[in-house]
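Letter by letter, the chains look like this.
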Amino acid sequence: WTAQTSGTGNNIIAITYGNGVYVYGATGGVLATSTNGTTWTAQTSGVITDINSLTYNDGIFVYGSTGVLATSTNGVTWTLQQTPTSNIIRSIAGSSLPTSLYGYVAVGDNNITLSSTNATNWVVRPNSVIPTASIYTLFYGNGLYLYSGQFGLIGTSTNGTTWTNQTSGTTSSIYALTYGNGLYV
(Lines give C-alpha, C1' and ligand atoms only; values in the text may rest on other atoms or scores of the structure.)
Protein backbone atom coordinates (compact mmCIF):
# COMPACT_ATOMS: atom_id res chain seq x y z
CA TRP A 1 0.00 0.00 0.00
CA THR A 2 1.12 3.53 -0.73
CA ALA A 3 -0.46 6.41 1.18
CA GLN A 4 -2.37 8.89 -1.01
CA THR A 5 -3.81 12.33 -0.32
CA SER A 6 -7.60 12.27 -0.43
CA GLY A 7 -8.11 16.03 -0.49
CA THR A 8 -10.40 15.98 2.55
CA GLY A 9 -10.05 15.97 6.31
CA ASN A 10 -13.45 14.26 6.56
CA ASN A 11 -13.77 10.54 7.24
CA ILE A 12 -14.18 8.60 4.01
CA ILE A 13 -17.03 6.14 4.47
CA ALA A 14 -17.63 4.67 1.01
CA ILE A 15 -15.76 4.18 -2.25
CA THR A 16 -16.58 2.59 -5.59
CA TYR A 17 -15.19 2.28 -9.09
CA GLY A 18 -16.87 2.27 -12.46
CA ASN A 19 -16.30 3.33 -16.06
CA GLY A 20 -12.72 4.42 -15.35
CA VAL A 21 -13.62 6.61 -12.36
CA TYR A 22 -13.13 6.13 -8.61
CA VAL A 23 -15.66 7.94 -6.40
CA TYR A 24 -15.51 8.33 -2.62
CA GLY A 25 -18.12 9.63 -0.21
CA ALA A 26 -17.39 11.03 3.22
CA THR A 27 -18.87 12.64 6.29
CA GLY A 28 -20.53 16.00 5.76
CA GLY A 29 -21.61 15.19 2.19
CA VAL A 30 -18.06 15.31 0.84
CA LEU A 31 -17.66 13.59 -2.52
CA ALA A 32 -14.62 13.33 -4.82
CA THR A 33 -13.55 11.58 -8.02
CA SER A 34 -10.28 10.29 -9.43
CA THR A 35 -9.24 8.53 -12.62
CA ASN A 36 -6.03 7.15 -11.10
CA GLY A 37 -6.71 6.76 -7.35
CA THR A 38 -3.98 9.29 -6.62
CA THR A 39 -5.29 12.73 -7.62
CA TRP A 40 -8.76 13.54 -6.30
CA THR A 41 -11.16 16.27 -7.41
CA ALA A 42 -13.92 17.49 -5.08
CA GLN A 43 -17.44 17.26 -6.51
CA THR A 44 -20.75 18.71 -5.36
CA SER A 45 -22.92 16.02 -3.77
CA GLY A 46 -26.00 18.13 -3.08
CA VAL A 47 -26.18 17.00 0.57
CA ILE A 48 -24.52 17.94 3.86
CA THR A 49 -25.24 14.59 5.54
CA ASP A 50 -22.79 11.68 5.47
CA ILE A 51 -22.49 9.71 2.25
CA ASN A 52 -22.68 6.22 3.71
CA SER A 53 -22.66 4.08 0.59
CA LEU A 54 -21.71 4.08 -3.07
CA THR A 55 -22.13 1.59 -5.87
CA TYR A 56 -21.69 1.44 -9.62
CA ASN A 57 -23.91 -0.72 -11.81
CA ASP A 58 -24.98 -0.66 -15.45
CA GLY A 59 -23.42 2.75 -16.13
CA ILE A 60 -24.88 4.48 -13.06
CA PHE A 61 -23.20 5.57 -9.83
CA VAL A 62 -25.55 5.68 -6.82
CA TYR A 63 -24.89 7.08 -3.35
CA GLY A 64 -26.94 6.81 -0.17
CA SER A 65 -27.22 9.32 2.63
CA THR A 66 -29.87 10.18 5.23
CA GLY A 67 -33.17 9.77 3.38
CA VAL A 68 -31.38 10.46 0.09
CA LEU A 69 -30.32 8.42 -2.89
CA ALA A 70 -28.53 10.21 -5.74
CA THR A 71 -27.41 9.11 -9.19
CA SER A 72 -24.71 10.08 -11.67
CA THR A 73 -23.47 8.70 -14.97
CA ASN A 74 -19.99 10.21 -14.56
CA GLY A 75 -19.42 10.68 -10.79
CA VAL A 76 -19.31 14.45 -11.26
CA THR A 77 -22.90 15.61 -11.84
CA TRP A 78 -25.36 14.16 -9.32
CA THR A 79 -29.16 14.09 -9.33
CA LEU A 80 -31.01 13.66 -6.03
CA GLN A 81 -33.77 11.07 -6.33
CA GLN A 82 -37.03 10.99 -4.37
CA THR A 83 -37.01 8.29 -1.72
CA PRO A 84 -39.88 7.00 0.40
CA THR A 85 -37.83 7.16 3.61
CA SER A 86 -36.06 9.59 5.92
CA ASN A 87 -33.91 6.78 7.38
CA ILE A 88 -30.16 6.60 7.01
CA ILE A 89 -29.25 4.60 3.92
CA ARG A 90 -26.31 2.41 5.00
CA SER A 91 -25.56 0.38 1.88
CA ILE A 92 -26.51 -0.08 -1.78
CA ALA A 93 -25.88 -2.98 -4.13
CA GLY A 94 -26.48 -3.22 -7.83
CA SER A 95 -26.92 -6.22 -10.07
CA SER A 96 -27.49 -6.45 -13.78
CA LEU A 97 -31.05 -7.18 -14.75
CA PRO A 98 -32.50 -9.76 -15.35
CA THR A 99 -30.12 -11.47 -12.89
CA SER A 100 -32.32 -10.19 -10.08
CA LEU A 101 -35.82 -8.84 -9.78
CA TYR A 102 -34.44 -5.36 -9.01
CA GLY A 103 -31.26 -3.83 -10.38
CA TYR A 104 -30.60 -1.85 -7.19
CA VAL A 105 -31.31 -2.59 -3.54
CA ALA A 106 -30.61 -0.19 -0.66
CA VAL A 107 -30.77 -0.96 3.05
CA GLY A 108 -30.54 1.13 6.18
CA ASP A 109 -31.57 1.95 9.67
CA ASN A 110 -34.83 0.75 11.19
CA ASN A 111 -34.95 -2.28 8.90
CA ILE A 112 -35.58 -0.21 5.76
CA THR A 113 -35.13 -1.96 2.41
CA LEU A 114 -35.64 -0.10 -0.87
CA SER A 115 -35.40 -1.33 -4.43
CA SER A 116 -35.34 0.11 -7.92
CA THR A 117 -35.00 -1.18 -11.46
CA ASN A 118 -33.45 2.08 -12.70
CA ALA A 119 -31.91 3.83 -9.63
CA THR A 120 -34.41 6.70 -9.94
CA ASN A 121 -37.75 5.26 -8.80
CA TRP A 122 -37.37 3.70 -5.34
CA VAL A 123 -39.96 1.71 -3.40
CA VAL A 124 -39.97 0.29 0.12
CA ARG A 125 -39.82 -3.51 0.23
CA PRO A 126 -40.85 -5.65 3.17
CA ASN A 127 -37.98 -7.25 5.05
CA SER A 128 -38.28 -10.09 7.52
CA VAL A 129 -35.19 -9.28 9.62
CA ILE A 130 -35.29 -8.24 13.27
CA PRO A 131 -37.39 -5.03 13.16
CA THR A 132 -35.22 -3.09 15.61
CA ALA A 133 -31.88 -4.04 14.04
CA SER A 134 -30.02 -1.82 11.60
CA ILE A 135 -28.51 -3.24 8.46
CA TYR A 136 -24.99 -1.91 7.86
CA THR A 137 -23.90 -3.46 4.60
CA LEU A 138 -25.36 -4.99 1.49
CA PHE A 139 -23.42 -6.85 -1.14
CA TYR A 140 -24.25 -8.56 -4.42
CA GLY A 141 -22.10 -11.35 -5.77
CA ASN A 142 -22.49 -14.58 -7.69
CA GLY A 143 -26.27 -14.16 -8.05
CA LEU A 144 -26.96 -13.50 -4.37
CA TYR A 145 -27.62 -10.40 -2.26
CA LEU A 146 -26.22 -10.56 1.27
CA TYR A 147 -26.85 -8.13 4.13
CA SER A 148 -25.34 -7.82 7.58
CA GLY A 149 -25.86 -5.60 10.58
CA GLN A 150 -26.42 -5.26 14.30
CA PHE A 151 -26.41 -8.27 16.62
CA GLY A 152 -24.69 -10.54 14.08
CA LEU A 153 -27.57 -10.10 11.67
CA ILE A 154 -26.94 -11.70 8.28
CA GLY A 155 -29.28 -12.70 5.49
CA THR A 156 -29.57 -13.53 1.81
CA SER A 157 -31.84 -12.97 -1.17
CA THR A 158 -31.76 -14.18 -4.74
CA ASN A 159 -34.04 -11.44 -6.04
CA GLY A 160 -33.61 -8.42 -3.74
CA THR A 161 -37.12 -8.65 -2.33
CA THR A 162 -37.52 -12.01 -0.53
CA TRP A 163 -34.98 -12.33 2.29
CA THR A 164 -33.89 -15.27 4.42
CA ASN A 165 -32.16 -14.80 7.76
CA GLN A 166 -28.96 -16.82 8.16
CA THR A 167 -26.94 -17.77 11.23
CA SER A 168 -23.71 -15.80 11.50
CA GLY A 169 -22.37 -17.40 14.68
CA THR A 170 -21.90 -14.07 16.41
CA THR A 171 -23.93 -11.44 18.24
CA SER A 172 -21.44 -8.70 17.36
CA SER A 173 -22.25 -6.25 14.58
CA ILE A 174 -21.04 -7.19 11.10
CA TYR A 175 -19.98 -4.19 9.00
CA ALA A 176 -18.55 -5.74 5.81
CA LEU A 177 -19.19 -8.55 3.33
CA THR A 178 -17.56 -9.68 0.10
CA TYR A 179 -17.46 -12.52 -2.37
CA GLY A 180 -14.40 -14.04 -4.01
CA ASN A 181 -12.83 -17.33 -5.00
CA GLY A 182 -16.15 -19.12 -4.52
CA LEU A 183 -16.67 -17.89 -0.94
CA TYR A 184 -18.88 -15.29 0.75
CA VAL A 185 -16.91 -13.70 3.59
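What counts, and at which threshold
- Residues numbered from 1 in each chain as written.
- Predicted model: local features only at pLDDT ≥ 70, side-chain atom pairs only at ≥ 80, totals over all residues.
- Heavy atoms only, no water.
- Helix = DSSP H or I, 4+ residues; strand = E, 2+ residues; numbered from the N terminus.
- Rg over C-alpha atoms; globule rule 2.2 N^0.38 Å.
- Buried < 20%, exposed > 50% of the residue type's maximum accessible area, 1.4 Å probe, protein only.
- Contact = heavy atoms within 4.5 Å.
- Areas by Shrake-Rupley, 256 points an atom, 1.4 Å probe, with all protein chains shown as cover.
- Core = buried A, V, L, I, M, F, W, Y, C linked by side-chain atoms within 4.5 Å.
- Pairing = 2+ DSSP bridges.

Caption draft 1: Molecular detail of the overall build of the protein chain. Across its full length, the protein chain holds 0 helices and 18 strands. Its C-alpha atoms give the protein chain a radius of gyration of 16 Å, near enough to 16 Å, the size a compact globule of 185 residues would have. By principal-axis analysis of the C-alpha atoms, the protein chain measures approximately 40 × 35 × 30 Å. The buried share of the protein chain, taken over its 185 residues, is 51%. In the protein chain, 36% of the contacts between residues at least 6 apart in sequence involve partners at least 24 apart. Of the roughly 8800 Å² of accessible surface on the protein chain, a fraction of 52% belongs to carbon and sulfur atoms.

Caption draft 2: View of the nonpolar core. Ala 14, Val 21, Val 23, Leu 31, Val 47, Ile 51, Leu 54, Phe 61, Tyr 63, Val 68, Ala 70 and Trp 78 form the largest nonpolar core, which has 12 residues in total. Within the residue set of this core, elements represented by two or more residues are strand S2 (21–26), strand S6 (60–65) and strand S7 (68–72). Ignoring anything within four residues of it in the chain, the contact list for Leu 31 reads Val 23, Tyr 24, Gly 25, Thr 41, Ala 42, Gln 43, Thr 44, Ser 45, Ile 51 and Trp 78. Within the second largest apolar cluster, 11 residues are counted, among which are Val 105, Val 107, Ile 135 and Leu 153.

Caption draft 3: Quick peek at the sheet that holds strand S12 (residues 123–124). Read across the open sheet, the 4 strands follow the order S9-S10-S11-S12; overall the sheet is antiparallel. Strand pairing shows two members of the sheet lacking a second neighbour, strand S9 (89–94) and S12, which therefore form its edges. Pairing analysis gives 2 bridges linking strand S11 (residues 112–116) to S12, with the strands arranged antiparallel. If you follow Ser 115 over to S12, its bridge partner there is Val 123.

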